[in-house]
Amino acid sequence: MSRRLPVFPLGTVLVPGAALPLHIFEPRYRALMDDLTGAELGTPLIAPELGVVGIERGHEVGGGEVRHLVGTLTHLIDSNRLPDGRWVAVFSGVGRFRVDEWLPDDPYPLAMVTDLEEPGWETADDAALAAARARTEEVLAMAVQAGDLTGPVSVPWSDDPWRAAWQVCAAAPIGPFDRQRLLETERVAARLERLMAELDGAAEMFAFRMGGR
């Protein structure tokens, strides 16, 4: 069933299970935080949840961007309004949604969305997750050697397989468009298979950079 949801377009792609710290300074998103927290009226006007979508073309500030249609639902877990009206807030990804219709950005981006259910965990997903975790750590180490990242590269993987399967997607040193494709992939095994291919491409790039030194 479609429902109304405030949406925050970002130049990065958030996946479920990941935390999202935000520094909020645009007037439209200040209004959003007021509605989420009830800072002005003393009681929240909307549920403390926010949809986050990646930007396909355009910029985060100013509006007019082209947005992806599959995003991550988040819950507000901490917030603080600064004396000048800006906000610092932390949201946590809890699931995925699909945009059915964009509504007018009044006073902030809104959409009619449908929540996407996570697929059930299959036995074959265990081996796919183990391989993806190992390969992610290998490629993260290569990224550090190539100078793209600073250590450490060891990730405290969750014991929960659903969360860990999204952790590898968040930790992998890949670009936002590649991560968006992972977000849009339904089955866990298919998502991790796609991730492995993207990690192989990233490994080739890092190996080339290190070879040219």
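Residues numbered from 1 in each chain as written. Predicted model: local features only at pLDDT ≥ 70, side-chain atom pairs only at ≥ 80, totals over all residues. Heavy atoms only, no water.

Here we take up the packing of helix α2 (residues 123-145) against helix α5 (residues 188-211). The geometry of α2 relative to α5 is characterised by a closest axis approach of 9 Å and an angle of 20° between their N-to-C directions. The orientation of α2 relative to α5 falls into the category roughly parallel. Seen from above, α2 lies across α5 with left-handed handedness. Residues Asp125, Ala128, Leu129, Ala131, Ala132, Arg135, Thr136, Val139, Met142, Ala143 and Gln145 of α2 form the contact with α5, whose own contacting residues are Val188, Ala189, Leu192, Leu195, Met196, Leu199, Asp200, Ala202, Ala203, Phe206, Ala207 and Met210. Partitioning the contact of α2 with α5 into residue classes produces 18 nonpolar, two polar and three charged. (Axes fitted to C-alpha atoms, helices over the stretch in contact; angles between N-to-C directions. Helix = DSSP H or I, 4+ residues; strand = E, 2+ residues; numbered from the N terminus. Parallel < 35°, antiparallel > 145°, perpendicular 65-115°, else oblique. Left-handed = near helix turned anticlockwise from the far one by under 90°. Contact = heavy atoms within 4.5 Å. Nonpolar A, V, L, I, M, F, W, Y, C, P; charged D, E, K, R; others polar.)

Turning our attention to the nonpolar core. Ile24, Met33, Phe91, Val168 and Leu195 are the most contacted members of the largest nonpolar core, which totals 48 residues. Here the element with the most residues in this core is α5; it accounts for seven residues. Those residues within four positions of Phe91 in sequence are excluded, and the remaining contacts are Ala18, Ala19, Leu20, Leu22, Met33, Leu36, Leu50, Thr74, His75, Leu76 and Ile77. (Core = buried A, V, L, I, M, F, W, Y, C linked by side-chain atoms within 4.5 Å. Buried < 20%, exposed > 50% of the residue type's maximum accessible area, 1.4 Å probe, protein only.)

This next bit is on helix α3 (residues 161-171). Every buried residue of α3 is listed here: Ala164, Ala165, Trp166, Val168 and Cys169. Elements that come into contact with the buried residues of α3 comprise β6 (87-103), α2, α4 (176-184) and α5. The backbone nitrogen of Trp162 lies 3.3 Å from a side-chain oxygen of the residue at the head of α3, namely Asp160. (Polar contact = N/O pair within 3.5 Å; in protein donor to acceptor, adjacent residues only side chain to side chain.)

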